[in-house]
Amino acid sequence: MAASKRHWAAFATTMTVAACGAAWLASSWDDVKRGNGVIVHRETKSPEEIRKYWTPERIRRAEPAEMPVWNPCEHFPSLLSPDCW
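The shown structure was predicted, so the numbers you read here are calculated from the model rather than taken from an experiment.

J.: Lay out the overall build of the protein in plain terms, naming residues and giving numbers.
T.: Check the secondary structure of the protein and you find five helices and zero strands. Residues classed as buried in the protein amount to 7% of the 85 residues present. Total accessible area on the protein is roughly 8000 Å²; 62% of this is exposed by carbon and sulfur atoms.

J.: Residues and numbers for a nonpolar patch on the surface, please.
T.: A surface patch of nonpolar side chains, amounting to about 380 Å² of accessible area, comprises Ile50, Tyr53, Trp54 and Ile59. Turning to its location among the elements, tryptophan 54 is positioned in the loop between α3 (47-53) and α4 (56-61). Residue tryptophan 54 is classed as partly exposed on the basis of its relative accessible area of 40%.

J.: A description of the packing of aromatic side chains should follow, citing residues and the corresponding values.
T.: Tallied over the full model, the rule gives two aromatic pairs. Ring geometry for tyrosine 53 and tryptophan 54: centres 5.2 Å apart, planes at 90°, overall edge-to-face. When the ring centre of tyrosine 53 is taken as reference, the NZ or CZ atom of lysine 45 above it lies at 6.0 Å.

J.: How would you summarise the confidence of the model for the protein if you had to cite specific residues and measurements?
T.: Mean pLDDT over the protein works out to 78, with 64% of the residues at or above the 70 mark. Taking the mean pLDDT of every element in the protein, the minimum, 61, falls on helix α2 (residues 29-33) and the maximum, 94, on α4.

J.: Give me the pattern of salt bridges: which residues, what numbers.
T.: Using the criterion set out here, one finds two salt bridges in the structure. Two residues, glutamate 57 and arginine 60, come together in a salt bridge whose shortest N-O distance is 2.9 Å. Of this pair, glutamate 57 and arginine 60 both sit in helix α4, three residues apart, which is roughly one turn of that helix. Using a relative accessible area of 38% as the deciding quantity, one classes glutamate 57 as partly exposed. Under the relative-accessibility criterion, arginine 60 is labelled exposed at 60%. Between glutamate 57 and arginine 61 there is a salt bridge whose closest N-O contact spans 3.4 Å.

Conventions and cut-offs
- Residues numbered from 1 in each chain as written.
- Predicted model: local features only at pLDDT ≥ 70, side-chain atom pairs only at ≥ 80, totals over all residues.
- Heavy atoms only, no water.
- Helix = DSSP H or I, 4+ residues; strand = E, 2+ residues; numbered from the N terminus.
- Buried < 20%, exposed > 50% of the residue type's maximum accessible area, 1.4 Å probe, protein only.
- Areas by Shrake-Rupley, 256 points an atom, 1.4 Å probe, with all protein chains shown as cover.
- Patch = residues over 30% accessible without salt bridge, like charges linked within 9 Å, V, L, I, M, F, W, Y side chains within 5 Å.
- Salt bridge = Lys/Arg side-chain N within 4 Å of Asp/Glu carboxyl O.
- Phe/Tyr/Trp six-rings, centres within 6.5 Å; stacked < 30°, edge-to-face > 60°.
- Lys NZ or Arg CZ within 6 Å of the ring centre and 35° of its normal.
- pLDDT = per-residue confidence, 0-100.

Encoded structure:
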């Protein structure tokens with residue numbers, strides 16, 4: 001009889017943890033499905049026009065654009081990513 005109660009207690013604990021985990025994940029889903037800030041721009045000019053634009057002077061003065069960085073700790077709850085621990 002005691003073993004049966006222990007099995008039910010373990011089952012109830014497991015189900016409670018699973019339900020709480022599902023609720024926690026559902027509450028953070030908006031953060032996960034939000035965009036990552038990447039913008040795609042399709043160039044409509046021909047390769048020749050682009051080569052003409054990039055003169056040696058323009059290439060020397062060019063500065064790299066800031067690249068978006070994906071931070072898993074920002075988009076996922078901290079327990080989902082070991083980097084956030």
